[in-house]
Amino acid sequence: MKLRAFGSRREEPGEGPADEAEPAPDVEQGPVDDPRRPAGKGRPTPKRRDQERARGMHTGPVTAPVTRKEARQRRKTAEASMSKDERRAARAKDREAREERRQLMMEGDDRYVLSRDRGEVRRFARDWVDTHRRFINWFMPLALAVIVFQLIPDPELMAISQTLFLVLVVVVIIDGVLVGRKVNKVVRERFPGTDDTGFGMGFYAVMRATQPRMLRTPRPRVRPGDTI
């Protein structure tokens, strides 16, 4: 029998609480690889839209071309996959469509005319200009004649043509002011609630009046002297 001092206790092997295990050194653990995932490629996966753009694929609806250059590029891309006969037929169809649109524009169809020509008020202003004969209608032919005279190497003829050109400009300005005021007056009488009046309407009428009748766009629907 072993004697022990009072208040002291000697722990025998196997007695008392178990020795605390020393903490293991911290080891940095990397990301756990998922066996179900494929091995990485070393670069981020591109987005789906970038992949489709690279492959030239379009999963969404095809949008209309914004510019003529874009429309031309699309047409060339489409023609590249066609045969010779198919390309010839497609081009013929495009020519027919363009001619049809041009004819509708010349007739004054609001779906195809320029924005400046759209509307009932602008149509009435064109008809008013087309039914009246004014001195301003001869501006372009007379200006062309003056330019031809300027090309003749005759100092006297050049001086006369310059004088005639200045007189022509003054007369056209006066007649243009009268045309603009008259058009605004008749437009207000025919369309009391319209806001399409003033300088814009007058300038529109003057520009049409200075053009030869055969070159006006849209083409005239009435003849000089007709009632509108």
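Anyway, here's the lowdown on the structure attached to this text. Everything quoted here is computed from the prediction, not taken from an experiment. (Residues numbered from 1 in each chain as written. Predicted model: local features only at pLDDT ≥ 70, side-chain atom pairs only at ≥ 80, totals over all residues. Heavy atoms only, no water.)

A few points about the nonpolar core
Counting 18 residues, the largest nonpolar core has Trp-128, Val-129, Ile-136, Val-179, Val-183, Val-187 and Met-201 as the members making the most contacts within it. Examining the composition of this core, we find that 6 residues originate from one element, helix α6 (residues 155-190), more than from any other. In this structure, Val-179 is in contact with Trp-128, Arg-134, Ile-136, Ala-205 and Val-206, ignoring residues within four places of it in sequence. (Core = buried A, V, L, I, M, F, W, Y, C linked by side-chain atoms within 4.5 Å. Buried < 20%, exposed > 50% of the residue type's maximum accessible area, 1.4 Å probe, protein only. Helix = DSSP H or I, 4+ residues; strand = E, 2+ residues; numbered from the N terminus. Contact = heavy atoms within 4.5 Å.)

Re the packing of aromatic side chains
Inspection of the entire model under this criterion finds 2 aromatic pairs. Residues Phe-124 and Phe-191 carry aromatic rings whose centres are separated by 5.8 Å and whose planes lie at 75° to one another, so their mutual orientation is edge-to-face. Taken together, the positions of Phe-124 in helix α4 (residues 120-130) and Phe-191 in the loop between α6 and α7 (199-210) put the pair 67 residues apart, joining distant regions of the chain. Just as Phe-124 is buried, Phe-191 falls in that class too. Above the ring of Tyr-204, the side-chain terminus of Arg-122 is found at 4.5 Å from the ring centroid. (Phe/Tyr/Trp six-rings, centres within 6.5 Å; stacked < 30°, edge-to-face > 60°. Lys NZ or Arg CZ within 6 Å of the ring centre and 35° of its normal.)

Details of the packing of α4 against α7
Their axes nearest at 10 Å, the elements α4 and α7 cross at an angle of 40°. Relative to α7, the element α4 lies oblique. For the pair α4 and α7, the sense of crossing is right-handed. Along the contact surface, α4 presents Val-121, Arg-122, Ala-125, Arg-126, Val-129 and Asp-130, while α7 presents Gly-200, Met-201, Tyr-204, Ala-205, Arg-208 and Ala-209. Residue classes in the contact of α4 with α7 are distributed as 7 nonpolar, 1 polar and 4 charged. (Axes fitted to C-alpha atoms, helices over the stretch in contact; angles between N-to-C directions. Parallel < 35°, antiparallel > 145°, perpendicular 65-115°, else oblique. Left-handed = near helix turned anticlockwise from the far one by under 90°. Nonpolar A, V, L, I, M, F, W, Y, C, P; charged D, E, K, R; others polar.)

Observations regarding the packing of α6 against α7
Packed helices, taken two at a time, are described by the angle between their axes plus the distance between the axes. The geometry of α6 relative to α7 is characterised by a closest axis approach of 8 Å and an angle of 120° between their N-to-C directions. Between α6 and α7, the angle falls in the class oblique. By crossing handedness, the relation of α6 to α7 is classed as right-handed. Taking contact as the criterion, the partners of Gly-176, Val-179, Gly-180, Val-183, Asn-184 and Val-187 in α6 are, on α7, Met-201, Gly-202, Ala-205 and Val-206. Of the residues contributing to the contact of α6 with α7, the split by class is 6 nonpolar, 4 polar and no charged.

A closer look at helix α3 (residues 84-106)
For α3, which comprises 23 residues, the first-to-last C-alpha distance of 33 Å matches the rise-based estimate of 33 Å (1.5 Å per residue) to within 8%. Positive backbone phi, approximately 90°, marks Gly-108, located one or two places after α3. (Expected span 1.5 Å × (residues − 1).)

A word on unusual backbone geometry
A negative phi angle is the norm for most residues apart from glycine, just as the trans form is the norm for most peptide bonds. In this model, Thr-217 is joined to Pro-218 through a cis peptide bond whose omega is -5°. Mapping Pro-218 onto the fold places it in the segment after α7.

Observations concerning a positive patch on the surface
Side chains of Arg-68, Lys-69, Arg-72, Arg-75, Lys-76, Arg-95, Arg-98 and Arg-101 sit close together on the surface and give a patch of like positive charge. Those elements that provide at least two residues to the positive patch are α2 (68-80) and α3. The leading source of residues in the positive patch is α2, at 5 residues. Position of Arg-68 relative to the elements: it lies in helix α2. (Patch = residues over 30% accessible without salt bridge, like charges linked within 9 Å, V, L, I, M, F, W, Y side chains within 5 Å. Areas by Shrake-Rupley, 256 points an atom, 1.4 Å probe, with all protein chains shown as cover. Salt bridge = Lys/Arg side-chain N within 4 Å of Asp/Glu carboxyl O. Lys, Arg positive; Asp, Glu negative; His and termini not counted. Charge placed at Lys NZ, Arg CZ, Asp CG, Glu CD.)

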